[in-house]
Amino acid sequence: MSNTMRFAGESKNVEYKVALPDRSIKYTKTAVAFANGSGGRIVFGIEDQTLRVVGVPDDQVFTIMDAISNAIADSCEPLIIPDISMRDIDGKTVIVAEILPGAQRPYFIKSMGREQGTFVRVAGTTRQADDATIKELLFEGSNRSFDQTICLELAASDSDIAELCKTMTAVSRANAKQGGEAVKQLTPKQLLSWGVLAERDGELKPTNAYAILTGSNGPVRSIIQCGVFKGDTKAVFVDRREFEGAPWELIEQAYQYVLRNIHMGARFAGVYRQDVYEIPPDAIRELIVNAVVHRSYIDRASIQIAIYDNRLEITSPGRLPMGQTMERMKEGYSKIRNEALASAFAYMGLIEHWGSGIPRIIEEVREAGLRGPEFLGGDTDLRINIYREQISTVRDTGDAVRDTDNVVRDTGDAVRDTDNVVRDTGDAVRDSQRVILAYVRDHGEITATIVQELLHVRKRQAQKILSKLVGLGVLQRVGAARSTRYILGGEDEE
């Protein structure tokens, strides 16, 4: 063991003991936690607070090594066999018990039983596992996927299954990059091969994946909670929404919510103006898709998307799957937790190549001039932060225009989702309205359809914003019915 590792302090994979404890439970539960996770080392002879090398008495080294090995082997179920070795550091002897990740999960202390004696590692501490984590460990240990397990609380008729096939086919054709008509009609046989359906006693039964894909929130919870917060904590919230339904609906609703509540700027390439979001939309969508397809559905918590003044934060419930680490994930290594969902998402064009999502997100965020995404947790949930402050200008043939008069700033004075109306506390033209005015000045006129595309809002909301501008005298309505358009009025002032 190197000095560098020693001075790193206790972590997810390292724990120090100044001496052999009087009760073996003080380290055997850590051995269990390491076996249930990504493995680790228990080092005897180093103080955990000061990292001072104390060492173990030379005349007791082999006795202590045998005691550690026997205690771990005798106390843990299934059997854990540690690799015990001694190391010399600064002329003193320390003992290292290395525990490898186990495949027969969950591991637990025999005398405490599985419910009370299962432990996991969270950051640098050993904690008792909750029911959801134990269930997740059971599926990992049996090499099964929760989403492919029959959902006993749900029934599915032939017409229900046919309707799901029809809907998923339509989504796949809509997402097809080339020739949606070439997408084959989805069949129950295909759902069966993925594990969305399972066969029992000659009948097709819905699995947990079926419940998720149909948006049934009874037996399996599938919800995304979104919120906008003032500052960089959750102390003061500005807006809050909760979305539920089929995965593709959840993804789209959450994606549009984020776009409505982050800033928009402009980029110029020669004489052409292009509207750009401060965070790349493709990266936002990819993060949401990853959260939906890779989260733990055993955990009843919701996916949370929080928009702060300084960052976008997406939290996905569930610890990293067995064999996955933060480093491997960033490098593109894919560990599929929900196999049936992953196959369904691939068919519908919601995900592409396995493992390409995270590296692509990192690249897109950096190319936008933002610092690389921050990955946190992994023990109980996975949290990804994208910081909104630019660390460099947008790379293009022209200069990026940030937060000028032609910027949509939805976080503070946005068109809120809670009532779909434009809130205006005074006569000042809001930022979203400035985008409309900039477009009219450049093009001479605008329609409700164009406003929908510019602001990513619904038709009714676009019409309300335009009516507000007409009422202020900033715009003038011309034409009628489908030919209605809007031009500058006589009071175009900001």
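Described in the following lines is the structure provided in the data block. (Residues numbered from 1 in each chain as written. Predicted model: local features only at pLDDT ≥ 70, side-chain atom pairs only at ≥ 80, totals over all residues. Heavy atoms only, no water.)

## Here's the deal with the sheet that holds strand E4 (residues 83–89)
In any sheet, the strands associate via hydrogen bonds between backbone groups, in a parallel or an antiparallel arrangement.
And then number 1: Spatial strand order, E1-E2-E5-E4: four strands in an open sheet with mixed pairing. Each having just a single partner strand, strand E1 (14–17) and E4 make up the two edges of the open sheet. Strand after strand, the sheet turns through a mean of 25 degrees between neighbouring axes, direction not considered.
And then number 2: Of the strand pairs in this sheet, E4 and strand E5 (residues 92–99) are connected by seven bridges, and their pairing is antiparallel. Considered in E5, the bridge of Met 86 is made with Ile 95. (Pairing = 2+ DSSP bridges. Helix = DSSP H or I, 4+ residues; strand = E, 2+ residues; numbered from the N terminus. Axes fitted to C-alpha atoms, helices over the stretch in contact; angles between N-to-C directions.)

## Quick word on the layout of surface pockets
Rolled over the atoms, a probe sized like a water molecule indicates the empty space that remains.
And then number 1: Size it by volume and the largest pocket reaches roughly 490 Å³.
And then number 2: Considering the residues around the largest pocket, the lining is formed by 18 residues, among which Lys 177, Gly 349, Leu 350, Ile 351 and Glu 352 are closest to the centre.
And then number 3: Of all the secondary structure elements, the ones that give two or more residues to the lining of the largest pocket are helix H6 (158–175), helix H10 (281–294), helix H12 (339–347) and helix H13 (357–367).
And then number 4: Per-element tally for the lining of the largest pocket: the top contributor is H10, with four residues.
And then number 5: A per-class count over the lining of the largest pocket returns eight nonpolar, three polar and seven charged.
And then number 6: Both domains that meet at the lining of the largest pocket, namely domain 2 (147–214) and domain 3 (223–387), each give it at least three residues. (1 Å grid on protein atoms, 1.4 Å probe; cavity = no way out; pocket = protein on both sides within 12 Å on 5 of 7 lines; lining within 4 Å. Points joined across faces, edges and corners; volume = space filled by probe spheres on them. Nonpolar A, V, L, I, M, F, W, Y, C, P; charged D, E, K, R; others polar. Domains from an automatic or database assignment.)

## Things to note about the pattern of salt bridges
A side chain with one charge can pair with a side chain of the opposite charge if their charged atoms come near.
And then number 1: Under the counting rule described, the total for this entry stands at 15 salt bridges.
And then number 2: With a shortest N-O distance of 3.3 Å, Arg 337 and Glu 136 are connected by a salt bridge. On the criterion of sequence distance, the pair formed by Arg 337 in the loop between helix H11 (326–330) and H12 and Glu 136 in helix H5 (residues 131–141) is long-range, its members being 201 residues apart.
And then number 3: In this structure Glu 136 comes out as buried when scored by relative accessible area, which is 9%.
And then number 4: The partner of Arg 360 in a salt bridge is Glu 286, with the nearest N and O atoms 2.8 Å apart. One end of the pair, Arg 360, is in helix H13; the other, Glu 286, is in helix H10, with 74 residues separating them in the sequence. (Salt bridge = Lys/Arg side-chain N within 4 Å of Asp/Glu carboxyl O. Buried < 20%, exposed > 50% of the residue type's maximum accessible area, 1.4 Å probe, protein only.)

## So, unusual backbone geometry
And then number 1: The omega torsion of the bond from Glu 77 to Pro 78 falls at -10 degrees, within 30 degrees of zero and hence cis.
And then number 2: Note that the residue after Arg 105, namely Pro 106, is joined by a cis bond; omega there is 0 degrees.
And then number 3: Locating Pro 106 in the fold gives a position in the loop between E5 and strand E6 (108–109).
And then number 4: Notably, Ala 123 is not glycine yet its phi reads approximately 55 degrees, a positive angle.
And then number 5: Among the residues examined, Ala 123 registers a relative accessible area of 46% and is labelled partly exposed.

## What about empty space enclosed by the protein?
And then number 1: Per the counting criterion, the structure on display carries three cavities of 30 Å³ or more.
And then number 2: For the largest cavity, the calculated volume is near 440 Å³.
And then number 3: Contributing to the lining of the largest cavity are 31 residues, with Asn 290, His 294, Met 329, Ile 358 and Leu 382 lying nearest its centre.
And then number 4: Elements that contribute at least two residues to the lining of the largest cavity include exactly H10, strand E16 (311–317), H13 and strand E18 (381–387).
And then number 5: Broken down by element, the residue count for the lining of the largest cavity peaks at five residues, all from H10.
And then number 6: Here the lining of the largest cavity is composed, by residue class, of 13 nonpolar, 11 polar and seven charged.

## Remarks on helix H17 (residues 459–471)
And then number 1: The end-to-end C-alpha distance of H17, which contains 13 residues, comes to 18 Å, matching closely the 18 Å that a straight helix rising 1.5 Å per residue would cover.
And then number 2: Turning to H17, its buried residues number three or more, namely Gln 461, Ala 462, Ile 465, Leu 466 and Leu 469. Projected onto a plane normal to the axis of H17, the buried residues spread over an arc of 135 degrees and lie on a single side. Of the exposed residues in H17, the ones pointing more than 90 degrees away from its buried face are Arg 460 and Gly 471.
And then number 3: Of the residues one or two after H17, Gly 473 is the one with positive phi, at around 85 degrees. (Expected span 1.5 Å × (residues − 1). Arc of directions from axis to C-beta.)

## Things to note about the pairing of strand E11 (residues 223–230)
Two faces make up the sheet, and in a regular strand the side chains alternate between them.
And then number 1: Counting buried positions over the eight residues of E11 gives six, a clear majority of the element.
And then number 2: Across eight bridges, the pairing between E11 and strand E12 (residues 236–244) is antiparallel. Counted as the bridge partner of Ile 223 is Glu 244 from E12.
And then number 3: Turn length for the E11-E12 hairpin, with the two strands adjacent in sequence and antiparallel, is five residues, and the turn residue Gly 231 shows positive phi of about 85 degrees.
And then number 4: Relative to strand E15 (residues 303–307), E11 runs parallel, the two being bridged by five bridges. Looking across to E15, one finds that Ile 224 is bridged to Ile 303.

## Considerations on the packing of aromatic side chains
And then number 1: Across all of its chains, the model carries five aromatic pairs by this definition.
And then number 2: Measuring from ring centre to ring centre gives 5.6 Å for Phe 139 and Phe 146, while their planes differ by 90 degrees; the resulting arrangement is edge-to-face.
And then number 3: Since its relative accessible area comes to 9%, Phe 139 is described here as buried.
And then number 4: Their ring planes at 25 degrees and their centres at 5.4 Å tell us that Phe 229 and Tyr 308 sit as a pair that is stacked. Taken together, the positions of Phe 229 in strand E11 and Tyr 308 in the loop between E15 and E16 put the pair 79 residues apart, joining distant regions of the chain. Neither residue differs from the other here; Phe 229 and Tyr 308 are each classed as buried. (Phe/Tyr/Trp six-rings, centres within 6.5 Å; stacked < 30°, edge-to-face > 60°.)

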